[in-house]
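# Tertiary structure, described
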Amino acid sequence: MSDWVLNVALGPVGRFIGAGRRSRDLWWGSTWLSECSLAVAKVLHVAEGLALIPSRDRVKKLRMRTRQDQYGDRISNHLLLVIQASSADELKSLVERAERAARDHLVELLNRNAQRADRRAAGLLRPPSLSRQIEAISNGDFLEFYAVWTPVNDGGLRKALARAEELMDARKSARLFVSPQWQSPEWQDADFRKSDLDAGRPTVLREARDAEHGGRDRAHVQGLRELRARLGISPGEHLDAVGLARRLACFEDTNGAPRLVPLPFPPLSRVAVDPWLHGAARRATKELASLREALCDRENDDNFSVWCSKARDPETSANESALFPYDASLLLEGGLDALQQELGRTTQQGSLDLVIRDLRGPVEGLHEAMGGPPQGYVALLSMDGDEVGNALHAAAHLGKEALEKLTDALDQFAERAPDILSKSHNGCAFYAAGDELLAFLPVDKALGAATALAGAFAPVVEMVLKLRLQDERGPLSVSLSGGLVIAHLKHDLRDLRAHAQEALDGAKRARRQRDCAQGWLEVRELPRSGVERSCRGPLTKIGAALDCWSDGIEQKKLSMRTAEKILDHAERFEDPKAADLGSLGVELLKSALESQERRGERAWAAEHGAVADVPDGDGPKPHPAQRALAQRVVDLGSWHQARALAAELQIARRLARVAAQRSDSGGGAP
Amino acid sequence: MSSKVWQISPRDPVVAGDGGPMPALAVRMPNPLPPQPTLVGFVRSALVAGSGHVSKDDARALLNVQIRGPLLAAWSEGGTEPRIWVPATADAAGKPGALHRGELLKLRPGEGVDPVGSQLQYLVHVPSKHKGEKLKSPVKPLGWPADAPAFWPLEAALAWALDDLALADRWLQSMELVGARAPLRFEPRVHVALDDASGTAEAMALFSSTGWRYDDRPENEAGLLVEVNDPGGRGPPPLAVLGGEGRPSRIRTTPDGLPAFDANRYQRAVDVHAEALAQRGLFLRVQLLTPGCFGGALPPAVDGLKLVAAAVPGMQSVSGWNLQARGPRAVRRLAPAGSVYHFGPVQSAGQLLEICERLWLRPLIKGEQDRDAFLAAPGADGYALALPGISVYNFSSEG
């Protein structure tokens, strides 16, 4: 027996996760990718050797999704093992079994949902297309499986790990795909309209108007439209086999009728309005209770569950009492009207009107008590470890024991991260595996979550220090960097995810360029109107700065005049060819800002009924945000810094507005 | 056949989606060039513009029209030769000034890859990291817009194809130094939805569509170059609609052909590697300038040369609308432009040069016409235009 390093990666991450248009697409896509990875891990972990990612212990301890509790743990889609095998052929056979296991698992999930679809949505389906797509997946389509292995020779484990990484890079440069023979007779009856979630596959759904062409009556067509609405499929939406299964996975079989079970995850809308709901729990207790009662009465009404599904609350487990365990779209401004308009075309108008009539009073009562509807902004946080791959290589140089210690520390982080996100910060991790994660959070909790996660990463950092890991550049310092995107609920999820990835890449790049030991964070805001804005810095520093500005704005100690003045001056004076300190424009700006600090804040605060704490005279001491802002203005050295400060203030205003909803008073950030 | 080169100049941002639904908020279209079926439909429709009803026979006759392109081009004021931009190669990583080339990598004894990967004799190792730093791929020239997909000047791509990495790198860096501008930029536009019943604007129902604005300033006028071989000898109309939203493009024919094959340049490149050629042979390296329609990710053998390695960054899906059958066409999965294939080895300089000349900006495979589906052969539709080159396997890397 000899040792081999085996490196495995599963995909396509983009099609499993990135292509989601609804929370449930994202949730089930990431769940299934994780489950396929676990199916692979179970095959590979039978072999003797050292399992690095995920460790054997981690696989044993994984809390899997069950029928009762659909909120299981996640593992990474990258697996790394040092395996003992008698020959390369034995390894090859093991890898083939592992791929088969992953494929079979996915096919089983798809078949299960296809059977459900057949019972629930027979009129909507094109069964031959569905079964052929599943068969194609079984034969090598859709699921990507990359595996490379190399023997551990005289060069030792470190060289073997490096070689395995090199081989994986090389293997992934050829992302080979198969192409079904659509022209063959067996596909003749297929509808080749593309799936909206995966352009490489045709739809498996019939459109309602297809039935019209078939001479069916109007009532039948209306029934199909209603069925689409009940299944969460928009009119005219096209879905392939995987897309349909993701959409249907949250229904259960009840007397042949589609019945939505409580979603095992908090929907995006629920996460977004979390601050407002917590504020309502304090300030509008009676009205919130009244709405919950009305919703509770309707839980068993199918017309209700079509558009207001019961769902897990962010910070509670499935069995704990929840603040608002529902999809919260109806609470947004115009939410009921939008739902009525959207669904009125497809559902039986009479029954829908009844539902909406019963709920309109409690919803409007709650809005009135809270001074208006909630803001529909949500945060998407993407985080990833810095230098972790290099640390693993360096640990391999020290031997298996060091490697095990480091992977144990990584496992600890992976275990803790979902709880930090959900229980402490009311968010939901859609993807959390190894040293990377993707999560939705209430806007006001997102910075705290990023900081807490960086704290939970400390055991990994400490282990790297304890093992004195280093590479050719010197001692290694690992950390956790992140990209945080704040956007409106209605923003396209795919674009949001792309922005989060770009922000994460930007943060990691900035960290590398500055050779910083600490993780970095880039924060982007995509407002519904106006231009995108972003700021970045070392995670704790940018987090503290935004918290400080946000607190100042919420306390009415800071206004947005500074940001406005900076942008106004930049518009007039910025010269891209002279962005240095000596630029006249920057000096003019600083002078204007300092003058504004002395006079403007007092007037503004007085106008808004706040105590005019200004940093001069004999008055009370200035608020920390005012002091910090004054210092930042003094330190301004370039237009780049000035614009960064303006962006920080603008983003902080969004944070303050959202945080104000959670507060006892309701705040009133400008 | 009558061959004409069309210069297509979009007057408004080109909106060319992938057939999927348009999101309400602006999402960048992934590719500034129209998908191949869109371009092909544009050309064939333009040829019969104004001639009334197109019968099934007319439509079948149009399948004999052969198209080579599109190539993104930009003309400087007063200049005759346009600067050609081609999709960036998939086997480069890093950034201008610090480029890393994907090297052919052979498995050592005891090593293995999964069954799909083992179809290839060599892997193309495009490094993802260098000294702990992540490397970007594809590589964008200096000054190229951050939000646009990467294109390289043809000169850089050719130098890269002929294994002259230093020259390719200088080209990518010099773009900014000589003040050359990218020929296009991303441009969103806001629209208001119309009420189906009344045909009037719906209050507050705004949405954005995104397109690619081709530079139309005289000093950097951008457009697409397409060679059209029409057996009927027809010419284009002066104006036609390219892509979605009825956006017009001006069409002119230009007396200059597509860039010509430079035999001397290739000869010099082969001469540099004469020793390797004599000892073990060189590989034919082919970079796709338009997407490849092979019924999978890999093309068949070329001139008896076996495919040994590939760098394919994923899958591009196209479909289209069959005007005769009045229905959607089946999805076709394509190897994206920029994909790289290695064939061989070739041990004769003459054979290598002959293949390179024959493949220069020509389709890698011709394919078959499907007259029932009103689908021309992939080669006639301009799929898999090749930029031929050479690659040298470094045997010392076997370790």
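Rules behind the numbers
Residues numbered from 1 in each chain as written. Chains lettered and ligands numbered in written order. Predicted model: local features only at pLDDT ≥ 70, side-chain atom pairs only at ≥ 80, totals over all residues. Heavy atoms only, no water. Salt bridge = Lys/Arg side-chain N within 4 Å of Asp/Glu carboxyl O. Helix = DSSP H or I, 4+ residues; strand = E, 2+ residues; numbered from the N terminus. Buried < 20%, exposed > 50% of the residue type's maximum accessible area, 1.4 Å probe, protein only. Contact = heavy atoms within 4.5 Å. Buried area = accessible area lost by both parts, 1.4 Å probe. Pairing = 2+ DSSP bridges. Axes fitted to C-alpha atoms, helices over the stretch in contact; angles between N-to-C directions.

All right, on to the pattern of salt bridges then. Taken as a whole and judged by the stated rule, the model has 45 salt bridges over all chains. Residues Arg163(A) and Glu111(B) are paired through a salt bridge, measuring 2.7 Å at the closest nitrogen-oxygen approach. Here Glu111(B) lies in the loop between strand E6 (103-105) and strand E7 (112-113) and Arg163(A) lies in helix H6 (residues 156-172), a pairing that spans two chains. Residue classification places Arg163(A) among the buried residues on the basis of a relative accessible area of 7%. Given the relative accessible area of 11%, Glu111(B) is considered buried. The salt bridge involving Arg217(B) is made with Asp215(B); its shortest N-O contact spans 2.7 Å. Relative accessible area serves as the criterion here: at 10%, Asp215(B) is assigned to the buried category. Taken together, the shared-partner salt bridges in this structure form one network comprising Arg270(A), Asp274(A), Asp313(A), Asp444(A) and Arg662(A).

Another aspect to go through is the interface of chain B and chain A. Contacts between chain B and chain A engage 57 residues on the former and 54 residues on the latter. Both faces considered, chain B and chain A share a buried interface measuring about 4400 Å² in area, 55% of it formed by carbon and sulfur atoms. Along the contact surface separating chain B from chain A lie three salt bridges. Linking Arg171(A) and Asp114(B) is a salt bridge whose minimum nitrogen-to-oxygen distance equals 2.9 Å.

Residues and elements named next belong to chain B. One open sheet holds the seven strands; their spatial order is E11-E3-E2-E14-E1-E16-E15, and the pairing between them is antiparallel. Edge positions in the open sheet fall to strand E11 (151-153) and strand E15 (239-241), since each of these has one partner strand only. Direction aside, the axes of adjacent strands within the sheet are offset by 40° on average. The pairing of E15 with strand E16 (residues 248-254) spans three bridges and is classified as antiparallel. Residue pairing across strands places Ala240 opposite Ser249, the latter belonging to E16.

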